[in-house]
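Chain by chain, the residues:
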Amino acid sequence: MPRIVLGIEYDGSAFFGWQWQTARRTVQSELETALSKIADEPITIICAGRTDAGVHALEQVVHFDTQAERSMYGWMMGGNTHLPDDIRIIWAQQAVFDFHARYSAIARFYRYVILNRPMKSALLRKQVTWCYQSLDADKMHRAAQYLIGDHDFSSFRAQGCQSKSPCRMMHFIDVYREQEKVIMDISANAFLHHMVRNIAGVLMEIGMDKQPVDWAQELLLIKDRDQGGITAPPDGLYLGGVYYPEHYGITKHPVFDKLPSDAKRFDDRPKV
């Protein structure tokens, strides 16, 4: 049965997250409904990484298996015809080899955007996190470097995180200012529940001079979520892209040029 791969962009502000939920609007349910109409059969999609309520995607990657024969243009344009305005299929291609949107991924990249000015935005109410106190992006960047490498991120995972291991390989975290915005780009082999938002919350406190730069290292070593900072809001969080081995033919986001050549995926595939 052919496997189709899609790149998806969405504004998550009006969704209860990615995963299908009874009587609630989710990205998965909207996509499956639209694609099922094009395929004339039920479609079930698998994503590279589930996003929480209010979280956006610049490029989520999904796949689905189908007996329907449609052109890639047909899947993309037909799907968009049946999708609401806050979701768009931005590319489509047929999978090669044993591609799997989740299990084939080597790394994921998230972007967290903070509007750092005295007043909220009328235009970006749900697309950025607002912080009226001045942020020192240089201090935030220096603090973030303590988190690079293979670590136990217990201090940065949600209390209800269901992952069997708190360990992840953090490839890079870059914090920089673009005029009124402070942006955090972060990549790892996988992420724990609320990990990016918890890291953003810690770095914001450091950026506001409420904590020293080495507080990030202290929390990493403590391995205790109760000692960590606040969980930053979901509004400014975007799934930026997913990196796969080149033989799968998925276009690589330029940010992944920073990855080490020997980067390996986080193996959470069920053992059989």
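Residues numbered from 1 in each chain as written. Predicted model: local features only at pLDDT ≥ 70, side-chain atom pairs only at ≥ 80, totals over all residues. Heavy atoms only, no water.

### Looking at the overall build of the chain
Heads up, the condition is: Helix numbers and strand numbers start at the N terminus; a helix is a DSSP run of H or I with at least 4 residues, a strand a run of E with at least 2. Exposure categories follow from relative accessible area, calculated using a 1.4 Å probe and restricted to protein chains: below 20% of the type maximum is buried, above 50% is exposed, and the middle band is partly exposed. Contacts between residues were defined by any pair of non-hydrogen atoms, one from each residue, lying within 4.5 Å.
Along the backbone of the chain there are five helices and ten strands. Expressed as lengths along the three principal axes of its C-alpha atoms, the size of the chain is roughly 60 × 45 × 35 Å. Per-residue burial over the chain gives 54% buried out of 272 residues. Long-range contacts, defined here as pairs at least 24 residues apart, represent 71% of the contacts in the chain between residues at least 6 apart.

### A look at the UniProt feature "binding site: substrate" (unreviewed entry) in the chain
For the record, the criterion: UniProt positions are given in the numbering used here, feature names are shortened, and annotations may be inferred rather than shown by experiment.
Look at the UniProt record and you will see "binding site: substrate" (unreviewed entry) annotated at Tyr 110. Mapped onto the elements, Tyr 110 comes out in strand β5 (residues 107–116). The contact partners of Tyr 110, leaving out residues within four places of it in the chain, are Arg 50, Met 184, Asp 185, Ile 186, Phe 191, Val 196, Leu 237, Tyr 238, Leu 239 and Gly 240.

### Side note on the nonpolar core
Applied cut-off: Buried Ala, Val, Leu, Ile, Met, Phe, Trp, Tyr and Cys residues that are joined via side-chain atoms within 4.5 Å together make up what is termed a nonpolar core. The start and end points of each domain follow an automatic or database-based domain assignment.
Counting 65 residues, the largest nonpolar core has Leu 6, Leu 31, Val 175, Met 184, Ile 186, Ile 199 and Leu 203 as the members making the most contacts within it. Sorting elements by how many residues they give to this core places helix α4 (residues 195–207) first, with eight residues. Each of domain 1 (3–104) and domain 2 (107–239) gives at least three residues to this core. Excluding residues that lie within four positions of it along the chain, Leu 6 makes contacts with Leu 35, Gln 60, Val 61, Val 62, Phe 64, Ile 89, Trp 91 and Ala 92. One finds Val 5, Ala 48, Tyr 248 and Ile 250 within the second-largest nonpolar core, a separate group that totals twelve residues.

### With respect to the pattern of salt bridges
Our working definition: Here a salt bridge means any side-chain nitrogen of Lys or Arg lying within 4 Å of a carboxyl oxygen belonging to Asp or Glu.
Here the structure, examined in full by the defined rule, presents eleven salt bridges. Between Glu 180 and Arg 117 there is a salt bridge, with the nearest N and O atoms lying 3.2 Å from each other. Of the two residues, Glu 180 sits in the loop between β8 (167–178) and β9 (181–188) while Arg 117 sits in the loop between β5 and β6 (129–131), which places them 63 residues apart along the sequence. A salt bridge links Asp 174 to Lys 258, with the nearest nitrogen and oxygen atoms 2.4 Å apart. With Asp 174 in strand β8 and Lys 258 in the segment after β10 (237–243), this pair connects stretches of sequence that are 84 residues apart. Overlapping salt bridges bring together Arg 25, Glu 30 and Asp 86 as one network.

### Quick word on the pairing of β8
Condition: Two strands are counted as paired when DSSP detects at least two bridges linking them.
The pairing of strand β7 (residues 149–152) with β8 spans four bridges and is classified as antiparallel. Counterpart to His 151 in the pairing with β8 is Arg 168. Direction of pairing for β8 relative to β9: antiparallel, over a ladder of eight bridges. Bridge pairing in β9 places Val 175 opposite Met 184. Linking two consecutive strands that pair antiparallel, namely β8 and β9, is a turn of two residues; a positive phi of about 55 degrees is found at Gln 179 within it.

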